[in-house]
Amino acid sequence: MPTPNPFAGGGLDRATHLRADATWLADRKSDPSSRVVPVWRSRSLVQEGTRELAAEGEGTTYQPVLLPPAAADARSARRDEWIFLGLDGSDGKPDGGRALFAADVPGDGAEWPAGALDGAGRFLDLRRIGAMLGQRNGSLLAYARAVVTWSRGHRFCGTCGSATEPGQGGHVRRCPSQACGAEHFPRTDPAIIVLVTDGDRCLLGRKDIWPEGVYSTLAGFVEPGESLSEAVVREVREESGIEVGSVRYRSSQPWPFPASLMLGFRAERVGGELSVAHQELADARWFDRADFARRREIGLRLPGRVSISRRLIEDWLAG
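These numbers were taken from a predicted model, which means no experiment stands behind them. (Residues numbered from 1 in each chain as written. Predicted model: local features only at pLDDT ≥ 70, side-chain atom pairs only at ≥ 80, totals over all residues. Heavy atoms only, no water.)

Novice: How should the pairing of strand S1 (residues 35-40) be read in this particular structure?
Specialist: Along any regular strand, the residues point their side chains to alternate faces of the sheet. Counting buried positions over the 6 residues of S1 gives 5, a clear majority of the element. Note: S1 against strand S5 (residues 98-104), 5 bridges, orientation parallel. Pairing of valine 37 across the sheet is with alanine 102, part of S5. (Buried < 20%, exposed > 50% of the residue type's maximum accessible area, 1.4 Å probe, protein only. Helix = DSSP H or I, 4+ residues; strand = E, 2+ residues; numbered from the N terminus. Pairing = 2+ DSSP bridges.)

What follows is the structure, given as structure tokens:
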């Protein structure tokens, strides 16, 4: 069984059948053994772990900080806004595990409110630390970040503007207006990401905002009315002028920045010549296997290990 991509494969029991049980949820929010995952400005609370020798130099491991309900009360949104994530069976509880919730920490300034969570850890961006969390922890923090970010953006009904109310353990926000009554659910935006190959070379591109030398696989959102394979063909054509076929699915990755699902593919060039669409990319080039072996000499940098892009490239190199 292949190793899941970062932010996937956590194994949490989401216990969806318990989301509608208001009494059970209220009891778990008061249970000292329950834990709350705080999210502030879409950042996750972590503590540094041990330092280890990473593949490309020394790195730091991180552990999520999970708060007991009493500690979370004074620092997060009120309890009825906590979002039920599921049951953590790793604690050995006989009833399926302790309950886990996600909670938004209020405050929109550059720093979190004075006194909030002092000494508990630091709020960091998951894109920065995702590859240093481990499968289970990375998946949990990505899940919490995604649902809190969604909930925070749907405090008001998009149909009539009324303030919404949480339901189903926080997994739906309902409009209380009798004239409207709309229900809003978390959404995930599908995006394709593809490694295009042509014999012994592959196509990579870069954006202006990326660090110097970083090249990655091509990617883009799936548009309404198209299949995944159609999205692959269109995105590659639009960004590079290359025509592709033999589109093959490889793996997927939750990407909660803010709410995407990256669907990884490999495709083969069947025509067209490289012509970079500069409104999309700063540059795009073909790289052969020898280029990767001497990438330090030529200044080529791969995307970080947190991204499925890195895996698509490494799987091809190993194939």
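Novice: Got a minute to help me understand helix H1 (residues 22-30) in this structure?
Specialist: An α-helix turns once every 3.6 residues. As a result, residues three or four positions apart point the same way. All buried positions along H1 are accounted for by Trp24, Leu25, Arg28 and Lys29. Down the axis of H1, the sector holding all buried residues measures 135°, keeping them to one side. Facing away from the buried side of H1 by more than 90 degrees, the exposed set consists of Ala22 and Thr23. (Arc of directions from axis to C-beta.)

Novice: Would you mind going over the environment of leucine 140 with me for this structure?
Specialist: With respect to the helices and strands, leucine 140 occurs in helix H4 (residues 135-152). Sequence-distant contacts of leucine 140, that is, excluding residues within four places in its chain, are made with Leu12, Val37, Leu66, Leu85 and Leu100. (Contact = heavy atoms within 4.5 Å.)

Novice: Just checking my understanding: could you explain the environment of isoleucine 192 for this structure?
Specialist: Examined against the element boundaries, isoleucine 192 turns out to sit in strand S10 (residues 189-198). A relative accessible area of 0% means that isoleucine 192 is categorised as buried. In this structure, the C-alpha to C-alpha distance between isoleucine 192 and glycine 299, residues 107 residues apart in sequence, is 27 Å. In contact with isoleucine 192, not counting residues within four places along its chain, are Leu218, Ala219, Gly220, Val222, Leu228, Ala231, Val232, Glu235, Met262, Leu263 and Phe265.

Novice: Any chance you could explain the packing of aromatic side chains here in plain terms?
Specialist: Two aromatic rings, taken as a pair, are described by how far apart their centres are and by the angle between their planes. Throughout the structure, instances matching the rule amount to 11 aromatic pairs. Seen in terms of ring centroids, tyrosine 249 and phenylalanine 265 are 5.8 Å apart; in terms of plane orientation they differ by 75°. Their pairing is edge-to-face. A residue pair is termed long-range when its members are at least 10 positions apart, and tyrosine 249 in strand S13 (residues 243-255) and phenylalanine 265 in strand S14 (residues 260-271) qualify at 16 residues. Taken together through their ring pairs, the aromatic side chains of Trp24, Trp82, Phe84 and Phe101 make up a single cluster. Directly above the ring of tryptophan 286 sits arginine 201, whose terminal nitrogen or CZ lies 4.3 Å from the centroid. (Phe/Tyr/Trp six-rings, centres within 6.5 Å; stacked < 30°, edge-to-face > 60°. Lys NZ or Arg CZ within 6 Å of the ring centre and 35° of its normal.)

Novice: Hey, could you run me through unusual backbone geometry in this one?
Specialist: Apart from glycine, the bulk of residues carry a negative phi angle, and the bulk of peptide bonds sit in the trans form. For the peptide bond that leads from phenylalanine 257 to proline 258, omega is 5°, which places it in the cis range. Along the chain, the position of proline 258 falls in the loop between S13 and S14. In the Ramachandran plot, arginine 41 falls in the positive-phi region, its phi being about 50° despite a non-glycine side chain. Position of arginine 41 relative to the elements: it lies in the loop between S1 and strand S2 (43-54).

Novice: Help me out: how do you make sense of the nonpolar core in this one?
Specialist: Of all hydrophobic cores here, the largest spans 38 residues; its most connected members are Leu85, Leu126, Leu204 and Phe292. Of all the secondary-structure elements, those providing two or more residues to this core are S1, strand S4 (83-88), S5, helix H3 (126-129), H4, S10, strand S11 (201-206) and helix H8 (308-318). Element by element, the count of residues in this core is highest for H4, at 7 residues. Those residues within four positions of phenylalanine 292 in sequence are excluded, and the remaining contacts are Cys202, Leu204, Phe287, Leu300, Leu302, Ile313, Trp316 and Leu317. Core analysis: the next-biggest nonpolar cluster, separate from the first, contains 20 residues, Trp40, Val65, Ala71 and Trp82 among them. (Core = buried A, V, L, I, M, F, W, Y, C linked by side-chain atoms within 4.5 Å.)

Novice: Hey, could you run me through the layout of surface pockets in this one?
Specialist: Any empty space left between the atoms is revealed when a probe the size of a water molecule rolls over them. Taken as a whole, the second largest pocket encloses approximately 650 Å³ of empty space. In terms of lining residues, the second largest pocket is bounded by 33 residues, among which Arg14, Ser139, Ala142, Tyr143 and Pro254 are the most central. Considering each element in turn, the lining of the second largest pocket owes the most residues, 8 residues, to H4. Here the lining of the second largest pocket is composed, by residue class, of 17 nonpolar, 10 polar and 6 charged. (1 Å grid on protein atoms, 1.4 Å probe; cavity = no way out; pocket = protein on both sides within 12 Å on 5 of 7 lines; lining within 4 Å. Points joined across faces, edges and corners; volume = space filled by probe spheres on them. Nonpolar A, V, L, I, M, F, W, Y, C, P; charged D, E, K, R; others polar.)

Novice: Got a minute to help me understand the side chain of arginine 173 in this structure?
Specialist: Mapped onto the elements of the fold, arginine 173 is located in strand S8 (residues 172-174). At 2.9 Å, the side chain of arginine 173 and the side chain of glutamate 81 are in polar contact. Looking at arginine 173, its side chain comes within polar contact range of the side chain of serine 151, at 3.1 Å. Contact partners of arginine 173, with chain neighbours within four places excluded, come to Glu81, Trp150, Ser151, His154, Arg155, Thr164, Glu165, Pro166, Ala182, Glu183 and His184. (Polar contact = N/O pair within 3.5 Å; in protein donor to acceptor, adjacent residues only side chain to side chain.)

Novice: Help me understand the pattern of salt bridges, please; the structure alone is not making it clear to me.
Specialist: Any two side chains of opposite charge can pair, given that their charged atoms come close. Under the criterion given, the structure shown has 29 salt bridges. When the shortest N-O distance is used, the salt bridge between aspartate 80 and arginine 78 registers 2.6 Å. A relative accessible area of 55% means that arginine 78 is categorised as exposed. Taking the shortest distance from any N to any O, the salt bridge between aspartate 198 and arginine 269 comes out at 3.7 Å. Separated by 71 residues along the polypeptide, aspartate 198 in strand S10 and arginine 269 in strand S14 bring together distant segments of the chain. A single network of salt bridges, built from pairs that share partners, joins Arg78, Asp80, Glu81, Asp104, Arg152, Arg155 and Arg173. (Salt bridge = Lys/Arg side-chain N within 4 Å of Asp/Glu carboxyl O.)

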